[in-house]
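Okay, here's what each chain looks like letter by letter:
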Amino acid sequence: MDLVQLQRQLVDYRTSLYHEGFLDEQFTQLQELQDENNPDFVVEVVSLYFEDSERLLNELSKALEQQIIDFKRIDAHVHQFKGSSSSIGAQRVQRLCIVFRNYCEAQNVEGCLKCLQQVKHEYSIVKTKLESMFQLERQILNAGGSVPV
């Protein structure tokens, strides 16, 4: 595939992530902070998000397996996950976290378990999609091109 095709593919792919609701304008703002002095800024921030998300999802799973469930602790983890998802523009994950927090407030174990599975699923999808987008960007750069904005 030639460079122009790769660039067009990246633009189309990125556009689809917005249209399908995976990303919002916060991701655009994150991209605007990247410059020649820090060319890997977005990848670095999103990688930290991935690391933190894995930790939070594990903590949530453990907390919901306990005999006595500490809904305040779970809510604190979901609140943190919602904030970090919002900060990178992971719109679908962020919206599910809002629902999850409502179940925490109602101390609804079944609702929390259901939301945890939905959050894990949406997180997995957005992670895969972002990793694919970053791979396309690397292909363009390795071919000597520039990543279209």
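None of these values were measured; they are calculated from a predicted model.

As annotated in UniProt, the feature "domain: HPt" (unreviewed entry) corresponds to residues 38-133 in the numbering used here. Helix makes up 86% of residues 38-133 and strand 0%, with an end-to-end C-alpha separation of 18 Å.

Evaluation of the coordinates by the stated rule reveals 0 disulfides. Just so you know, cysteine 112 is unpaired, no disulfide at all, and the nearest cysteine sulfur is the one on cysteine 104, 3.9 Å from it. Here cysteine 112 falls in the buried class, since its relative accessible area comes to 0%. Cysteine 115 carries a free sulfur, and the closest cysteine sulfur to it, the one in cysteine 112, is 7.1 Å from it.

The next point concerns helix α1 (residues 3-19). For α1, built from 17 residues, the straight-helix expectation of 24 Å at 1.5 Å per residue is met to within 8% by its first-to-last C-alpha distance of 24 Å. Where α1 is buried, its residues meet α2 (25-32) and α6 (109-142). Directly after α1, the chain includes glycine 21, whose backbone phi takes a positive value near 80°.

To continue, consider the UniProt feature "modified residue: Phosphohistidine" (unreviewed entry) in the chain. UniProt tags His79 as "modified residue: Phosphohistidine" (unreviewed entry). Residue classification places histidine 79 among the partly exposed positions, given a relative accessible area of 42%.

One finds Ile74, Phe81, Val93, Phe100 and Leu130 to be the most contacted residues of the largest nonpolar core, which totals 39 residues. Secondary-structure elements contributing two or more residues to this core are α1, α2, α3 (41-65), α4 (71-88), α5 (91-105) and α6. Broken down by element, the residue count for this core peaks at 11 residues, all from α6. Once residues lying within four places of it in the same chain are set aside, the contact partners of isoleucine 74 are Leu60, Ala63, Leu64, Ile69, Phe100 and Cys104.

We now examine the environment of aspartate 52. With respect to the helices and strands, the residue aspartate 52 is situated in helix α3. A sequence separation of 45 residues divides aspartate 52 from cysteine 97, and the C-alpha atoms of the two residues are 15 Å apart. Other than its neighbours up to four places away in sequence, aspartate 52 contacts Gln80 and Ser84. Among the polar contacts made by the side chain of aspartate 52, one reaches the side chain of arginine 55 at a distance of 2.6 Å.

Calculation notes
Residues numbered from 1 in each chain as written. Predicted model: local features only at pLDDT ≥ 70, side-chain atom pairs only at ≥ 80, totals over all residues. Heavy atoms only, no water. UniProt positions renumbered as here; feature names shortened; annotations may be inferred. Helix = DSSP H or I, 4+ residues; strand = E, 2+ residues; numbered from the N terminus. Disulfide = S-S within 2.5 Å. Buried < 20%, exposed > 50% of the residue type's maximum accessible area, 1.4 Å probe, protein only. Expected span 1.5 Å × (residues − 1). Contact = heavy atoms within 4.5 Å. Core = buried A, V, L, I, M, F, W, Y, C linked by side-chain atoms within 4.5 Å. Polar contact = N/O pair within 3.5 Å; in protein donor to acceptor, adjacent residues only side chain to side chain.

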